[in-house]
Amino acid sequence: ARVDIGQVLLSVRSKDANGAHVIEAIRRGKFKFAGRQKILKSLKWGFTKYPREEYVRLRKSGELSADGNIVKVHNRRGPLEASALYQAGEE
C-alpha cells in the first residue's frame, strides 16, 4: 500500500495500565516497515475528540454518555423528561 509522509499507520486504544506494553509492541513492530516511524501518545480519551480531563468532567456532569467506540453528546433541546441531564439532576 502507498502511504503519505505523516500519515497515521496504526491507532491503538488500551487501558492506561497497559500503555507501556502497547508502546513496546509498536516499537518492535515498526521495524517491519521501511523508513522512520514515530510513536505518538494522544492526549485524547480513546477515539473521542475530548481531552482526558474534560471527558471525565463531562461524563460526571451527564453531558456525555458512552456509545460503543464513540460518545453521545446530550444537547439541551427537546422535552425535559427525555433529557439525560434532567434525569441525572433528579437523583
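This structure is a prediction, so every number in the text was calculated from the model and none was measured.

## Overview of the nonpolar core
Of all hydrophobic cores here, the largest spans five residues; its members are Tyr50, Tyr55, Leu58, Leu64 and Val71. Here Tyr55 is in contact with Trp45, Thr48, Tyr50, Leu64 and Val71, once residues within four sequence places are set aside.

## Considerations on the pattern of salt bridges
For the structure on display, the rule yields three salt bridges. Arg52 is paired through a salt bridge with Asp16; the nearest N and O atoms lie 3.1 Å apart. Of this pair, Arg52 sits in helix H2 (residues 52-61) while Asp16 sits in the segment before helix H1 (19-29), and the two are 36 residues apart along the sequence. Among the residues examined, Arg52 registers a relative accessible area of 26% and is labelled partly exposed. Taking relative accessible area as the criterion, Asp16 reaches 53% and is therefore assigned exposed. With a closest N to O distance of 2.8 Å, Arg28 and Glu24 form a salt bridge. With a gap of four residues between them, Arg28 and Glu24 both fall in helix H1, about one helical turn apart. Overall, Glu24 belongs to the partly exposed group, its relative accessible area being 29%.

Conventions adopted
Residues numbered from 1 in each chain as written. Predicted model: local features only at pLDDT ≥ 70, side-chain atom pairs only at ≥ 80, totals over all residues. Heavy atoms only, no water. Core = buried A, V, L, I, M, F, W, Y, C linked by side-chain atoms within 4.5 Å. Buried < 20%, exposed > 50% of the residue type's maximum accessible area, 1.4 Å probe, protein only. Contact = heavy atoms within 4.5 Å. Salt bridge = Lys/Arg side-chain N within 4 Å of Asp/Glu carboxyl O. Helix = DSSP H or I, 4+ residues; strand = E, 2+ residues; numbered from the N terminus.

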